[in-house]
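Tertiary structure, described
Here are the chains, one letter per residue:
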Amino acid sequence: MTSQATTSEPPTSRRPRRPTTTSTTTATVTSTASPAGPTPAAPRRVSVAVYAEDLILHTGVVQQLRQRPEIELIAEAEADRAQTSIVVVDTLDEATVRLLRRLQRNTTTRTGLVVGVFEANALQTMIECGVAAVLRRADADQDRLVHLVTAMANGEGVLPGDLLGKLLDYVGSLQRTVLDPRGLTLSTLTAREAEMLRLVSEGFDTAEIARETSYSERTVKNVLHDVATRLQLRNRAHAVGYAMRQGLI
């Protein structure tokens, strides 16, 4: 479309226009003359493979995602190269679990679950299958589906509020009933290692840590040395900094 300037010039000042070369993008000229800025970069598209237990569910999700420019739908034959996968089902049944376990083997793809009914006792199965995000089908409008996909691509997780609460309860129960009796934690440190690093961070020396924890000084030295070696840390200060950054203490 050719735009007209809103200001006029005297006839003597007009010069013949030179032909211009058009590009694949068309600039819109406003009445206020200003230098043309750089063309903004196109938004990064997230590749998605969609799996569903029937054609109707598959078509519904595909049609919603196809309308969004930030989404790139991947054909089934190339699904292994997708950044994300969406599995659309009624329930988390045995067939769905088999599919999720198969998708889990592709470590470059994160998988989300859009499910009609999700039972609380399925949380452990979901975690074991590497599901990164969950959305109930009743809530699966276009914006929420896109949010699910982009969140997974950014390394984030998505859960409905009630499921998040149940997940936290489950993790707390796991810590109390399974890990605590064995002196373990959900982090890469044991409870004893985390306690000793905490004391180091508070300025305790080896003898003081030994008194506080009722271990020998030799044991304290060995524990801290093992932590430094396993995590490839240079010294105690580095170990404490690492543990604090990772939220381990």
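For the structure, check the block above.
Fair warning: this is a prediction, and the values are worked out from it, not measured in the lab.

A separate point is the overall build of the protein. What the protein contains, in helices and strands, is nine helices and five strands. Put simply, the protein has 249 residues, and 33% of those count as buried. Sequence-distant contacts, at least 24 apart, represent 64% of the contacts inside the protein between residues at least 6 apart. For the protein, the accessible area works out to roughly 16,600 Å², and carbon and sulfur atoms hold 51% of it.

With their axes 10 Å apart at the nearest point, helix α6 (residues 191-201) and helix α8 (residues 217-230) run at an angle of 100° to one another. In terms of orientation, α6 and α8 fall into the roughly perpendicular class. The segment α6 lies against α8, with R192, E193, M196, L197 and V200 engaging T219, V220, V223, L224, V227 and R230.

Attention now moves to a negative patch on the surface. The grouping of E53, D54, D93 and E94 at the surface amounts to a negative patch. What makes D93 partly exposed here is its relative accessible area of 31%.

Moving on to the packing of α6 against helix α9 (residues 236-245). Contact pair α6 / α9: the axes reach a minimum separation of 10 Å and the direction vectors enclose 110°. By the criterion of interaxial angle, the relationship of α6 to α9 is roughly perpendicular. Helix-helix and strand crossings are classified by hand; for α6 and α9 the assignment is left-handed. Residues L197, V200 and S201 of α6 pack against R236, A239, V240 and A243 of α9. The residue makeup of the contact of α6 with α9, split by class, is five nonpolar, one polar and one charged.

One turn of the α-helix equals 3.6 residues, which is why residues spaced by three or four share an orientation. Among the residues making up α9, those that are buried are H238, A239, V240 and A243. Tucked inside the fold, the buried residues of α9 contact α6.

Each value, and the rule that gives it
- Residues numbered from 1 in each chain as written.
- Predicted model: local features only at pLDDT ≥ 70, side-chain atom pairs only at ≥ 80, totals over all residues.
- Heavy atoms only, no water.
- Helix = DSSP H or I, 4+ residues; strand = E, 2+ residues; numbered from the N terminus.
- Buried < 20%, exposed > 50% of the residue type's maximum accessible area, 1.4 Å probe, protein only.
- Contact = heavy atoms within 4.5 Å.
- Areas by Shrake-Rupley, 256 points an atom, 1.4 Å probe, with all protein chains shown as cover.
- Axes fitted to C-alpha atoms, helices over the stretch in contact; angles between N-to-C directions.
- Parallel < 35°, antiparallel > 145°, perpendicular 65-115°, else oblique.
- Patch = residues over 30% accessible without salt bridge, like charges linked within 9 Å, V, L, I, M, F, W, Y side chains within 5 Å.
- Salt bridge = Lys/Arg side-chain N within 4 Å of Asp/Glu carboxyl O.
- Lys, Arg positive; Asp, Glu negative; His and termini not counted.
- Charge placed at Lys NZ, Arg CZ, Asp CG, Glu CD.
- Left-handed = near helix turned anticlockwise from the far one by under 90°.
- Nonpolar A, V, L, I, M, F, W, Y, C, P; charged D, E, K, R; others polar.

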